[in-house]
Amino acid sequence: MAFTLAIVGRPNVGKSTLFNRLVGKRQAIVDDTPGVTRDRREGKGRLADLVFTVVDTAGFEDVQGEALLARMRAQTEQAVAAADAVLLVVDAREGLTALDQSFARALRKSEARVLLVANKCEGRGGEAGRMEAFRLGFGEPIPVSAEHGEGMGDLYDALAPLIHAKAEASAPGEEADPEPEASEEDSAEPVERGPRAIQLAVVGRPNVGKSTLVNRLIGEDRLLTGPEAGITRDAIAVEWNHRGRALRLVDTAGLRRRAKVVDKLEWLSGEDTKRAIQFAEVVILVLDSTDLLEKQDLFIARQVEEEGRALVLAVNKWDLVEDTKAALAKLERRLEISLPQSRGLPVIPLSAKTGKGLERLLDAAIEMVDIWSRRIPTPALNRWLQAMEDAHLPPLVKGRRLKLRYMSQAKSRPPTFNLFCNLPEAMADSYQRYLVNGLRDAFDMPGIPIRFVLRRSENPYVGKSRRGKPSADKSHSAKPSKGKSPTGQSKSVKPGGSMPGMGKPRSGKGAGGKAKAGKASAGNARSGKSRARRAGF
């Protein structure tokens, strides 16, 4: 089992920045505003050769009751109770506050090992605050700078004995056996076996019940919920299993219309939600049954379709609907009109409060992932393409017939097909929709985004004659052009008018006079021979 390290402290001391430093990427949202983090977020931390699970928590507030800050404190207390060690982060530049001391008194009651970290110790500005942190009674503070990566070596020296001690305690026979079998308990890093977990993102408008739905699925209050809109800010991932299939549920912040987003934190939360959609395999779009399929719901659904992800519609708060048949028929009509590119989407009515319909939701999501990852054999595709072309020929393009020659599946996830034809740029959008809808019906892919890549097919007879010989070049014609020889090469004429290989013309006569004289002498010779025959010679 992996070593778990929880990062705790009062608001705005740099907990999320330190979390991002340990996991090696910007997972948690970071801002100067206090109280940005609300839910606890887990990540795979790495520090040199140490591998562990690191948990980012909300800022500690000394409040009780049912308020939002009190619920955030309860989430932090759950993280402390489940951790093997706790990093108590203080701001060395501001020094100790009453809230730091109150949190330190609460940590002394827990059984976890507490390591005191003085953040923002770059330069000499935080030296006084670091010395003041000795008053908390947790030993020498570790000076670090999460923003600049300073002090990670000192943090490594403090964590290494704890992680190695847990690794030895979890595998007591490791030293006696020279070649132990590898398992998840033999090392600090868990070893995953079997198929990869399905990435499932839960998205929707604010206050439609996304976090309540995830809590009901996993059977515990893992995520912060409440009547307030916009509680969730980070995209929180939770590992889970359903019918033997590993799932990674990602709860996201609610997406409002872009024109209404004026707060920087809300914009950052929206970008985190869009990133979760990009990395998901299947997306569950949660709708409110009291306000079905608003314009923002359609916008989110189109965004999921453009990303090429499988989509499932979950209609939450179904227990509040009186006439269920009429509401479902209205939703289906709206989908046919507003989302024709995702025809056949699975619609699951459910209630996250009572748990009704949750089994159908996960079964539909897993089925959509299997269809989304399917590959279709090329012979079956081309037989289907021929049948579709026989049933409805492509329209003429400037008097020419559009010929569909060949089709193959380039990749899956999402299904992408290459269609070879003679005029790809001239294929009408209506005929492409005809092929996509026929492909969904023939191969049972309802609601799956399908990509068509039109490619021009090369004519193998271009540049050949009818007998299979290369066609003659136009420059090699039987009648030579003016100034060229019959072979197509230019003739070189000497300045005097003579051709190569010929002597100079006689003085006083040009080449034209010489030719006329030759013709006259030949005519005289013929006339002399005819006179001699008449005379009897």
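Now for a description of the structure that goes with this document. Since this is a predicted model, take the numbers as computed values, not measurements.

1. So, the sheet that holds strand S8 (residues 236–242)
In step 1: Reading across from one edge, S8-S9-S7-S10-S11-S12 is the order of the six strands in this open sheet, with mixed pairing throughout. Edge positions in the sheet fall to S8 and strand S12 (347–349), since each of these pairs with one other strand and no more. Geometrically, the sheet is characterised by an average inter-axis angle of 25 degrees between neighbouring strands, direction not taken into account.
In step 2: Pairing between strand S10 (residues 282–288) and strand S11 (residues 310–316): seven bridges, direction parallel. Of the residues in S11, the one forming a bridge with Val-283 is Leu-311.
In step 3: Running over the sheet, helix H9 (residues 324–338) touches S10, S11 and S12 and is turned about 155 degrees from S12.
In step 4: Helix-sheet contacts for helix H10 (residues 358–372) involve strand S7 (198–204), S8, strand S9 (245–251), S10, S11 and S12, and the interaxial angle to S11 is about 165 degrees.

2. A closer look at helix H1 (residues 15–23)
In step 1: The buried count for H1 comes to eight of nine residues, which makes it a mostly enclosed element.
In step 2: Taken residue by residue, H1 has Lys-15, Ser-16, Thr-17, Leu-18, Phe-19, Asn-20, Leu-22 and Val-23 as its buried positions.
In step 3: Contacts made by the buried residues of H1 are with strand S1 (4–8), strand S2 (41–47), strand S3 (50–56), strand S4 (85–91) and helix H5 (152–170).
In step 4: After H1 finishes, the residue Gly-24 shows a positive phi value of roughly 80 degrees.

3. Here's the deal with unusual backbone geometry
In step 1: For the peptide bond that leads from Arg-413 to Pro-414, omega is 0 degrees, which places it in the cis range.
In step 2: In this fold, Pro-414 is placed in the loop between strand S13 (404–411) and strand S14 (416–421).
In step 3: Phi at Arg-413 is positive, roughly 60 degrees, even though this residue is not glycine.
In step 4: Among the secondary structure elements, Arg-413 is positioned in the loop between S13 and S14.
In step 5: Classification of Arg-413 by relative accessible area gives partly exposed; the value is 30%.

4. Quick look at the nonpolar core
In step 1: Ranked by size, the top nonpolar core spans 55 residues in total, and within it Leu-213, Met-407, Phe-417, Leu-439, Met-445 and Phe-452 carry the most contacts.
In step 2: Here this core takes ten residues from H10, the largest share from any one element.
In step 3: With residues up to four places along the chain from it excluded, the contact list for Met-407 reads Thr-378, Leu-381, Asn-382, Trp-384, Leu-385, Phe-417, Asn-418, Leu-419, Leu-439 and Phe-452.
In step 4: Counting 27 residues, the second-largest nonpolar core is a separate cluster that includes Val-13, Leu-22, Val-23 and Val-89.

Reading the values: the criteria
- Residues numbered from 1 in each chain as written.
- Predicted model: local features only at pLDDT ≥ 70, side-chain atom pairs only at ≥ 80, totals over all residues.
- Heavy atoms only, no water.
- Pairing = 2+ DSSP bridges.
- Helix = DSSP H or I, 4+ residues; strand = E, 2+ residues; numbered from the N terminus.
- Axes fitted to C-alpha atoms, helices over the stretch in contact; angles between N-to-C directions.
- Contact = heavy atoms within 4.5 Å.
- Buried < 20%, exposed > 50% of the residue type's maximum accessible area, 1.4 Å probe, protein only.
- Core = buried A, V, L, I, M, F, W, Y, C linked by side-chain atoms within 4.5 Å.

Interpretation in functional terms is not warranted from these geometric data alone.
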